[in-house]
Number of protein chains: 2
Amino acid sequence: MILTVTLNTALDLTYSVPALVPHSSHRVTDLSERPGGKGLNVARVLTALGHDTVVTGFAGGATGTVLRDLLAALPRQKATLTDALVPVSGDTRRTLAVVDAATGDTTQFNEAGPHVTADEWTALLGAYAELLKTADAVALCGSLPPGIHVGAYGELVRLARTAGVPVLLDTSGEPLRRGIAARPDLIKPNADELAQLTGSREPLRATRDARRRGAHGVIASLGPDGMLAVTPDGVWRASPPAPVKGNPTGAGDSAVAGLLSGLAESLSWPDRLRRAVALSTATVLAPTAGDFDRTAYEELLPRVAIEEHAAGAA
Amino acid sequence: MILTVTLNTALDLTYSVPALVPHSSHRVTDLSERPGGKGLNVARVLTALGHDTVVTGFAGGATGTVLRDLLAALPRQKATLTDALVPVSGDTRRTLAVVDAATGDTTQFNEAGPHVTADEWTALLGAYAELLKTADAVALCGSLPPGIHVGAYGELVRLARTAGVPVLLDTSGEPLRRGIAARPDLIKPNADELAQLTGSREPLRATRDARRRGAHGVIASLGPDGMLAVTPDGVWRASPPAPVKGNPTGAGDSAVAGLLSGLAESLSWPDRLRRAVALSTATVLAPTAGDFDRTAYEELLPRVAIEEHAAGAA
C-alpha cells in the first residue's frame, strides 16, 4: 500500500455567493464539504489509480468527526482508502473557499488547525512507524499544525529511510528546508516554494540548488509549462501537449499522486513524469476542484512531451 | 419562564483576518464559534437579566450537535437556559462573519439552513404547544429555514394567543407580513423591515401602518436614535442619552429581550422601552458582538429619555 501523511488535515468548505462584495452580507447559494488537506487529496487520486492507500495524520473535535465521516463515505474506487488518522483533542481546521459566481474567482480562508500536544505527536510517530512496515511508498504533505516542531518532517523522512520506504516530501518554507536536510527521495516544489528555498527564480538553477540541499530528486512544478525533474538518473522536462484553462486547485496533489504511484511501480522517470503531468492537467480540466477528469487523463498520457537534457546536466 | 423560538438556529463563526483582499488567500488569525440565531441571542440576554428561559426551534447534523454543546457550555447565569430544540435530519446552518482586523469591517456569509420536513414541523408544533403551558411570554425570532411554509409564524402566533401567552414576533419580509395578520402582541421591526412592510420610510406613519396590519403594539427600532413605540396605550419615543460607537450586532436581539422581559414583568411601556434602549445601547458598547456590557446597561437605564406623544396620536 501507499501511505500519505497529513499532519494538518482540513474540512474543505466551498461557498458559492452571487457576487463577493467586501463589508456586505451574502446569502450562500451553494455549499459543499469535503475531506481535505494535501495528503488526503493525494490519497483520493491514488485510489482512483488503483493503489490501496492509507491516510494518517491528525483529526479531532467535531470538524474531525465530520472529516472522517466524509472520508468513510467517499465513492468506492478500484482500491481501498483506509483511515488511520490519529485522534487529537483539538479541533481539525476548516478551509473555506468563497466562489464568486459572477466571475468564478475564489477567495480563500484557512484556519490554523488544532494545537497538537507532545503526547499526540508521540502517538503519531508510533502509528507511522507501524504503517511504514507495509508501505511501498510514503508522501508527507502540507503544513504543520500549531504545536508541532519545525523539524517534524525531518524526523518522518528519517524514519521512512530507516524502514527502506521511498519518501516524497511536499511542503514549503522552514518545514521544507528542514525536511530536505534529512534526504527525502523526492520533493515537488512549485516555483514560489523553490524561490523561497533557494533564492532563485531560474528553474534549472533553483532545482539543482534544491537537490544539493539534500533531496535525491527534485521535481519542480512549472504550472501550465509542466515539470522539470532533476534526479540522480538525469534531467528531464515534461510538458502538456497544450496549455489548458480551468481550476488549478489540487493539480499539485494530483502530480504528487502521479509521482508516488510511479515510484511505487518502479516506473522510469519519463513515465513517472508523463503520469504526473497528465494527472495534474486532467485535474485543471475537471469540473470539480481537486478531482481529475479520467478521460482527459487517458488521452493526455501518451501526448505529454518529454525532453531529456544533455548527460551530466544534473 | 420565557420561551424563545428560533426556527433557523445557526452556529455563528467569526474569523479575524489581517486584511480582507478579494480573490486572495487569507490566514485566519482568530476564530470564535457561538450558538446563534436571533432567539438564542435573545435567550442569553434574558437569562443574564434573571429570567428562566427555554429555547426551541430546530437543530440537526454535526453543526447542530456543536451548537447544542456550546449552548450547554454557556457560563451559568442567575437564571436557567434550557435547550428544548427539536432534532431535524438536515444540518443546522453556519453563519460566518469575516472581520478585517485592519479596518474592523465585517463581511458576512449566511448558509440557508436545513430543509425541514412536514413531520419535523409537526414535531415542533407539538413541542411548542407543550412549552406554551408554562410560558409567561414567547418570542418568535428570525428567518424561516427551507421547507417551512411562509405562514408558519401566523400559526405560532395563533397558538400563543389561544394559550393566552403574550407573543412578540421578530422577523422580516413575507413571514412578517403573514405573521402580523395573526395579531401578535408586539413586533419590533427596524427601519428597513418597516419600509419593506409598509412602503414608507417615515417612522411614525410606517409604525402606525404596521399596527393597522394587525400587531397590537409596534416598537420600531431607529438604530442609534432609539425606538418609537405605537401601542394600544399610547405613543412613546425612547432615546439613549448620547450616540455611541461600537458593534451593532445583536443590539436588536437585546432590545427584544428588554421588551419581552418587561412584558413578562408587566412593566409600564416607558419602563419596557427604557430597558430595551439601555440593553441595545449596552450591546453596541460591549467588546464581544452580541453580549451586553452590564455596567453600561445599569448606568444607561435611568438616563434613557422617554417622550410621550400627544393623546390620540396612535
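Because the structure is a prediction, the values reported are computed rather than measured. (Residues numbered from 1 in each chain as written. Chains lettered and ligands numbered in written order. Predicted model: local features only at pLDDT ≥ 70, side-chain atom pairs only at ≥ 80, totals over all residues. Heavy atoms only, no water.)

Colleague: Could you clarify how one ought to interpret the relation of the copies chain A and chain B in this entry?
Modeller: There are two copies of the chain, and a rotation about an axis plus a shift along that axis relates them. With an RMSD of 0.1 Å, the operation that places chain A on chain B is a rotation of 179 degrees combined with a shift of 0.0 Å along the axis. Viewed as a symmetry operation, the transformation between the two copies matches a two-fold axis. (Least-squares fit on C-alpha atoms with pLDDT ≥ 70 in both.)

Colleague: Honestly, the nonpolar core in this entry has me stumped. Any pointers?
Modeller: Side chains of a nonpolar character, in soluble globular proteins, are inclined to be buried together. Among the nonpolar cores identified, the biggest contains 45 residues, and Leu-3, Val-138, Leu-140 and Leu-156 of chain A are the most heavily contacted of them. The element that contributes the greatest number of residues to this core is helix H3 (residues 118–132) of chain A, accounting for six residues. Filtering out sequence-adjacent residues up to four positions away, Leu-3 of chain A remains in contact with Val-54, Thr-56, Tyr-128, Leu-131, Leu-132, Ala-135, Ala-137, Val-138 and Ala-139 of chain A. Of all hydrophobic cores here, the second largest spans 43 residues; its members include Leu-3, Val-5, Val-116 and Val-235 of chain B. (Core = buried A, V, L, I, M, F, W, Y, C linked by side-chain atoms within 4.5 Å. Buried < 20%, exposed > 50% of the residue type's maximum accessible area, 1.4 Å probe, protein only. Helix = DSSP H or I, 4+ residues; strand = E, 2+ residues; numbered from the N terminus. Contact = heavy atoms within 4.5 Å.)

Colleague: Please clarify how the UniProt feature "domain: Carbohydrate kinase PfkB" (unreviewed entry) in chain A should be interpreted in this entry.
Modeller: According to UniProt, the "domain: Carbohydrate kinase PfkB" (unreviewed entry) feature falls on residues 12–290 of chain A. Helix makes up 38% of residues 12–290 of chain A and strand 25%, and the two end C-alpha atoms of the span are 11 Å apart. (UniProt positions renumbered as here; feature names shortened; annotations may be inferred.)

Colleague: For this particular structure, what's the right way to read the sheet that holds strand S8 (residues 93–100) of chain B?
Modeller: Two modes of strand pairing occur in sheets, parallel and antiparallel, and in both the strands are linked by backbone hydrogen bonds. Reading across from one edge, S3(A)-S9(B)-S8(B)-S2(B)-S4(B) is the order of the five strands in this open sheet, with mixed pairing throughout. For this open sheet the edge positions go to strand S3 (25–27) of chain A together with strand S4 (30–36) of chain B, each flanked by a neighbour on one side alone. Across the sheet, the mean angle separating the axes of adjacent strands is 15 degrees when strand polarity is ignored. With eight bridges connecting them, strand S2 (residues 10–17) of chain B and S8 of chain B associate as parallel partners. By the bridge assignment, Ala-10 of chain B is partnered in S8 of chain B with Arg-93 of chain B. Here helix H2 (residues 61–72) of chain B sits on the sheet and contacts S2, S4 and S8 of chain B; the angle it forms with S4 of chain B, its principal contact strand, is near 85 degrees. (Pairing = 2+ DSSP bridges. Axes fitted to C-alpha atoms, helices over the stretch in contact; angles between N-to-C directions.)

Colleague: Would you mind showing me how to read the packing of helix H1 (residues 38–48) of chain A against helix H8 (residues 251–264) of chain A here?
Modeller: The packing of two helices is summarised by the inter-axis angle and the distance between the axes. Residues and elements named next belong to chain A. Interaxial distance between H1 and H8 falls to 8 Å at its minimum, and their mutual angle equals 55 degrees. Here H1 is positioned oblique relative to H8, judged by the angle of their axes. The element H1 and its partner H8 pack so that their crossing is right-handed. Counting all contacts with H1, which are made through Lys-38, Asn-41, Val-42, Val-45 and Leu-46, the residues of H8 involved are Asp-253, Ser-254, Val-256, Ala-257, Leu-260 and Ser-261. Here the contact of H1 with H8 is built from residues that sort into six nonpolar, three polar and two charged. (Parallel < 35°, antiparallel > 145°, perpendicular 65-115°, else oblique. Left-handed = near helix turned anticlockwise from the far one by under 90°. Nonpolar A, V, L, I, M, F, W, Y, C, P; charged D, E, K, R; others polar.)

Colleague: Can you walk me through the environment of Arg-177 of chain A in this structure?
Modeller: Residues and elements named next belong to chain A. By secondary structure assignment, the location of Arg-177 is in helix H5 (residues 173–180). Spatially, the C-alpha atom of Arg-177 lies 28 Å from that of Ala-97, the residues being 80 residues apart in sequence. Not counting the four nearest positions on each side in its chain, Arg-177 is found in contact with Gln-196, Leu-197 and Arg-213. Engagement of the side chain of Arg-177 in a polar contact is seen with the backbone oxygen of Gln-196, the distance being 3.4 Å. (Polar contact = N/O pair within 3.5 Å; in protein donor to acceptor, adjacent residues only side chain to side chain.)

Colleague: Honestly, helix H3 (residues 118–132) of chain B in this entry has me stumped. Any pointers?
Modeller: For the α-helix, the turn length of 3.6 residues means that residues three or four positions removed from each other point alike. Residue and element names in this part refer to chain B. An ideal rise of 1.5 Å per residue puts 21 Å on 15 residues; H3 measures up with 21 Å between its terminal C-alpha atoms. Those residues of H3 lying buried are Glu-120, Trp-121, Leu-124, Leu-125, Tyr-128, Leu-131 and Leu-132. When H3 is viewed along its axis, its buried side chains cluster within an angular range of 145 degrees and face the same direction. Relative to its buried face, H3 has exposed residues pointing more than 90 degrees away, namely Asp-119 and Thr-122. (Expected span 1.5 Å × (residues − 1). Arc of directions from axis to C-beta.)

Colleague: What am I meant to see in the sheet that holds strand S2 (residues 10–17) of chain A here?
Modeller: Spatially, the five strands line up as an open sheet ordered S4(A)-S2(A)-S8(A)-S9(A)-S3(B), and their pairing is mixed. Looking at the sheet topology across the chains shown, the edges are occupied by strand S4 (30–36) of chain A together with strand S3 (25–27) of chain B. On average, each strand axis in the sheet is tilted by 15 degrees relative to the strand beside it, whichever way the strands run. Pairing of strand S8 (residues 93–100) of chain A with strand S9 (residues 106–110) of chain A, which is carried by five bridges, proceeds in the antiparallel orientation. Note that in S9 of chain A the partner of Leu-96 of chain A across the bridge is Phe-109 of chain A. Of the strands in this sheet, S2, S4 and S8 of chain A touch helix H2 (residues 61–72) of chain A, which is tilted by about 85 degrees from S4 of chain A.

Colleague: I would appreciate a short explanation of the packing of H8 of chain A against helix H9 (residues 269–285) of chain A in the present structure.
Modeller: All names here are of chain A. Two elements in contact, H8 and H9, have axes separated by 8 Å at closest approach and are oriented at 155 degrees. The orientation of H8 relative to H9 falls into the category roughly antiparallel. Relative to H9, H8 is oriented so that their crossing is right-handed. Facing Ala-251, Ser-254, Ala-255, Ala-257, Gly-258, Leu-259, Ser-261, Gly-262 and Leu-263 of H8, the residues of H9 in contact are Arg-272, Leu-273, Arg-275, Ala-276, Leu-279, Ser-280, Thr-283 and Val-284. Looking at the contact of H8 with H9 residue by residue, the class counts come to nine nonpolar, six polar and two charged.

Colleague: Explain the interface of chain A and chain B to me, please; I cannot follow it from the model alone.
Modeller: Bring the parts together and some accessible area is lost; that lost area is often taken as the interface size. The partner chain B presents 29 residues to the 29 residues of chain A that form the contact. Overall, the association of chain A and chain B removes approximately 2,300 Å² of surface from exposure, summing both partners, and the carbon and sulfur fraction of that is 56%. On the chain A side of the contact with chain B, His-23, Arg-94 and Phe-109 of chain A bury the most area, a combined 27% of that side's loss. Our count for the chain A to chain B interface comes out at two salt bridges. (Buried area = accessible area lost by both parts, 1.4 Å probe. Salt bridge = Lys/Arg side-chain N within 4 Å of Asp/Glu carboxyl O.)

Colleague: So what exactly am I meant to see when it comes to the pairing of strand S11 (residues 167–170) of chain B here?
Modeller: Consecutive residues of a regular strand have side chains that alternate between opposite faces of the sheet. Residues and elements named next belong to chain B. On S11, burial covers both faces: Val-167 and Leu-169 on one face and Leu-168 and Asp-170 on the other are all buried. Each parallel crossover has a hand, and the one from strand S10 (residues 137–141) via helix H4 (residues 152–162) to S11 is right-handed. Here two bridges tie S11 to strand S12 (residues 186–187), and the two strands are oriented parallel to one another. Looking across to S12, one finds that Leu-169 is bridged to Ile-187. Crossover S11 to S12 through helix H5 (residues 173–180) is right-handed. (Right-handed = clockwise from strand over helix to strand, strands pointing away.)

Colleague: I keep staring at empty space enclosed by the protein and nothing clicks. Help me out?
Modeller: To find leftover empty space, a probe the size of one water molecule is rolled over the atoms. Counted by the stated rule, this structure contains two cavities of 30 Å³ or more. Of the volumes computed, that of the largest cavity is approximately 130 Å³. Along its surface, the largest cavity is lined by 13 residues, and Val-66 and Arg-94 of chain A together with Thr-63, Val-66 and Arg-94 of chain B are the ones closest to its centre. Those elements that provide at least two residues to the lining of the largest cavity are H2 of chain A together with H2 of chain B. (1 Å grid on protein atoms, 1.4 Å probe; cavity = no way out; pocket = protein on both sides within 12 Å on 5 of 7 lines; lining within 4 Å. Points joined across faces, edges and corners; volume = space filled by probe spheres on them.)

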